[in-house]
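One-letter residues, chain by chain:
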Amino acid sequence: MNFATKVLHGTSCFDPVTGASSVPIYQASTFHQADLDQPPAFDYARSGNPTRAALEEAIAGLEGGERGFAFASGMAAISSVFMLFSAGDHVIVAEDVYGGTFRFLTRVLSRMGISVTFVDASSTDAVRAAITPETKGIYLETPSNPTLKVTDIAAVCRIAKQQDLLVIVDNTFMTPYYQRPLELGADVVIHSATKFIGGHSDVVAGLAVTRDAALGEQLYFIQNGMGAILGVQDCWLVMRGLKTLKARLDVSTNTADQLAHWLEAHPEITHVYYTGLQDHPGHQIQASQSSGHGAVLSFDVGSRERAKALFDRVKLPIVAVSLGAVETILSYPVTMSHAAMPAEERAARGITDGLIRLSAGLEDVNDLIEDLKQALEYLPPLPKIEEQKEAFSRA
Ligand SMILES: *Cc1c(COP(=O)(O)O)cnc(C)c1O
């Protein structure tokens, strides 16, 4: 089945009991057990609920995995997956992971005796070089946020297999429509379903999928044991969002592509990051491992003052933390997604004071271009190259 069909005709399609056209919200914490000798399919809703089960099966099917799990947030999914590791283990992590992931790894997980090394995962050699005898896993996010660096997932998985390492991929930016890391050899896929999968900026949710059943059992034990499950109302909202994932991404990606080309040609912009641009260093790998470039791009206007002027002038995009929604979202990584990252770490990752991230929504692309055009007309002059360098070294 092709994705467009599969996304509608998975387990979230209709209620197997009544035929209702959407899976009901089973607002129940516990389930009557008719026979104490017969284990019921559902006994207590932390352990399982039919509404959550429908979403979990749907995402497992779309990612091509064995078991799916729905968590209270993307961070709940990420932190729960990291509980697969034990004290003394070492994990290699892509250096420009989501700011919240960085914070969890450096401020929480580090206290549990699990160590991490951050590497530029766009270099497979850098990943290989970071392996130690204690290494048990590799954690990737590709394309990364906000500079959209691309990791060759299959190449990293080949290295990992030789050493029996678990490969975990945060697939939030791509979704299973464009990229299915399990098919490329990864063991676990994670989503912040708050973003494209939910798609409407109205729910916070996380998902994880394991490639095989044994790892699925381990993660199930953690999900049930830690209890960071997604509530049933939110499961329903995520399933509703999932049904239009392909239709939304087709439009938003097309818009992002047009905006990236338009911005690249605009004299007020110093740099555009979008894997769909031919000169993006990850363009080829992205094109080979994903069927699309997605709806997120970043661009640099050269200084904080100019970024602020743009934010003050734009009218259509909402200015917010988050991405992957029906409305176009502009965000400022320095004070938003990457505020948790120390300034020197940010500078080392190219997250400059002039960097702006744009997540394309479903508005008419020409209206978005008109809006950005009028906002860019009023920017204060670009700082001279020397001043930019100075500002960069100060950061
Ligand atoms: C938002 C985000 C997260 C965290 O998800 P929450 O649902 O906000 O907890 C993790 N990874 C990426 C790539 C994200 O964009």
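Residues numbered from 1 in each chain as written. Predicted model: local features only at pLDDT ≥ 70, side-chain atom pairs only at ≥ 80, totals over all residues. Heavy atoms only, no water.

- In the nomenclature of an unreviewed UniProt entry, the chain is known as cysteine-S-conjugate beta-lyase of Brevibacillus reuszeri.
- Its UniProt record gives the chain a comment under Cofactor (unreviewed entry), which states: "pyridoxal 5'-phosphate".
- One UniProt comment on the chain, placed under Sequence similarities (unreviewed entry), says "Belongs to the trans-sulfuration enzymes family." (UniProt positions renumbered as here; feature names shortened; annotations may be inferred.)

Concerning the nonpolar core
Then, number 1: With 111 residues, the main nonpolar core has Leu55, Phe82, Tyr139, Leu297 and Phe299 as its most contacted residues.
Then, number 2: Among all residues touching Phe299, those that are not within four sequence positions of it are Leu263, Ile269, His271, Val272, Leu310, Leu330, Gly354, Leu355, Ile356 and Leu358. (Core = buried A, V, L, I, M, F, W, Y, C linked by side-chain atoms within 4.5 Å. Buried < 20%, exposed > 50% of the residue type's maximum accessible area, 1.4 Å probe, protein only. Contact = heavy atoms within 4.5 Å.)

What about the packing of helix α10 (residues 245-264) against helix α14 (residues 365-376)?
Then, number 1: Where α10 meets α14, the closest approach of the two axes is 10 Å, and the angle between their N-to-C directions is 30 degrees. Our classification of the angle between α10 and α14 gives roughly parallel. Regarding α10 and α14, the two cross each other, and that crossing is right-handed. When α10 is examined against α14, the residues Thr255, Gln258, Leu259, Trp262 and Leu263 are found in contact with a partner set consisting of Val365, Leu368, Ile369, Leu372, Lys373 and Leu376.
Then, number 2: For the contact of α10 with α14, the residue count by class is eight nonpolar, two polar and one charged. (Axes fitted to C-alpha atoms, helices over the stretch in contact; angles between N-to-C directions. Helix = DSSP H or I, 4+ residues; strand = E, 2+ residues; numbered from the N terminus. Parallel < 35°, antiparallel > 145°, perpendicular 65-115°, else oblique. Left-handed = near helix turned anticlockwise from the far one by under 90°. Nonpolar A, V, L, I, M, F, W, Y, C, P; charged D, E, K, R; others polar.)

Let's talk about the site of the ligand
Then, number 1: As a structural note, the neighbourhood of the ligand is formed by 13 residues, with Gly74, Met75, Asp170, Thr194 and Lys195 the closest of them.
Then, number 2: Between Ser192 and the ligand, the recorded distance is 2.9 Å, taken from a side-chain N or O atom to an oxygen atom.
Then, number 3: For the ligand, the protein covers 92% of the area, taking 380 Å² as the surface of the free molecule.
Then, number 4: Top element by residues in the shell around the ligand is helix α3 (residues 74-82). It accounts for three residues.
Then, number 5: Residue composition of the shell around the ligand, by class: five nonpolar, five polar and three charged. (Near = heavy atom within 4 Å. Polar contact = N/O pair within 3.5 Å; in protein donor to acceptor, adjacent residues only side chain to side chain. Areas by Shrake-Rupley, 256 points an atom, 1.4 Å probe, with all protein chains shown as cover.)

Considerations on the domain arrangement of the chain
When the parts of a complex come together, some accessible area is lost, and that lost area is often used as the size of the interface.
Then, number 1: Once the domains are mapped, the chain shows domain 1 (3-243) and domain 2 (245-394).
Then, number 2: Using C-alpha coordinates to define each centre, domain 1 is positioned 27 Å away from domain 2.
Then, number 3: The partner domain 2 presents 43 residues to the 37 residues of domain 1 that form the contact.
Then, number 4: Buried surface at the junction of domain 1 and domain 2, both sides included, amounts to about 3,300 Å², of which 63% is carbon and sulfur.
Then, number 5: Looking only at domain 1, the three residues that lose the most surface to domain 2 are Pro146, Tyr178 and Phe196, adding up to 22% of its buried area.
Then, number 6: Where domain 1 meets domain 2, there are zero salt bridges.
Then, number 7: Inspection of the region where domain 1 meets domain 2 yields 21 residue pairs in polar contact (both at pLDDT 80 or more).
Then, number 8: Sorting the residues of the side of domain 1 that touches domain 2 by element identifies α1 (3-6), α4 (99-108), α6 (153-163), α7 (175-178) and α9 (232-243) as the ones contributing at least two each.
Then, number 9: For the side of domain 1 that touches domain 2, the residue count by class is 19 nonpolar, twelve polar and six charged. (Domains from an automatic or database assignment. Buried area = accessible area lost by both parts, 1.4 Å probe. Salt bridge = Lys/Arg side-chain N within 4 Å of Asp/Glu carboxyl O.)

Some words on the UniProt feature "modified residue: N6-(pyridoxal phosphate)lysine" (unreviewed entry) in the chain
Then, number 1: According to UniProt, the "modified residue: N6-(pyridoxal phosphate)lysine" (unreviewed entry) feature falls on Lys195.
Then, number 2: In this fold, Lys195 is placed in the loop between β6 (188-192) and β7 (206-210).
Then, number 3: Note on Lys195: relative accessible area 11%, which makes it buried.
Then, number 4: Once residues lying within four places of it in the same chain are set aside, the contact partners of Lys195 are Tyr98, Thr172, Ser322, Leu323 and Gly324.

Brief notes about the packing of aromatic side chains
Then, number 1: Going through the model one piece at a time under the given rule, you end up with eight aromatic pairs.
Then, number 2: When the ring of Tyr177 is compared with that of Tyr178, the centres are 4.6 Å apart and the planes differ by 25 degrees; the resulting orientation is stacked.
Then, number 3: Tyr178 sits in the buried class, given a relative accessible area of 7%.
Then, number 4: These aromatic residues form a ring-pair network of at least three members: Phe82, Phe85, Phe104 and Tyr139. (Phe/Tyr/Trp six-rings, centres within 6.5 Å; stacked < 30°, edge-to-face > 60°.)

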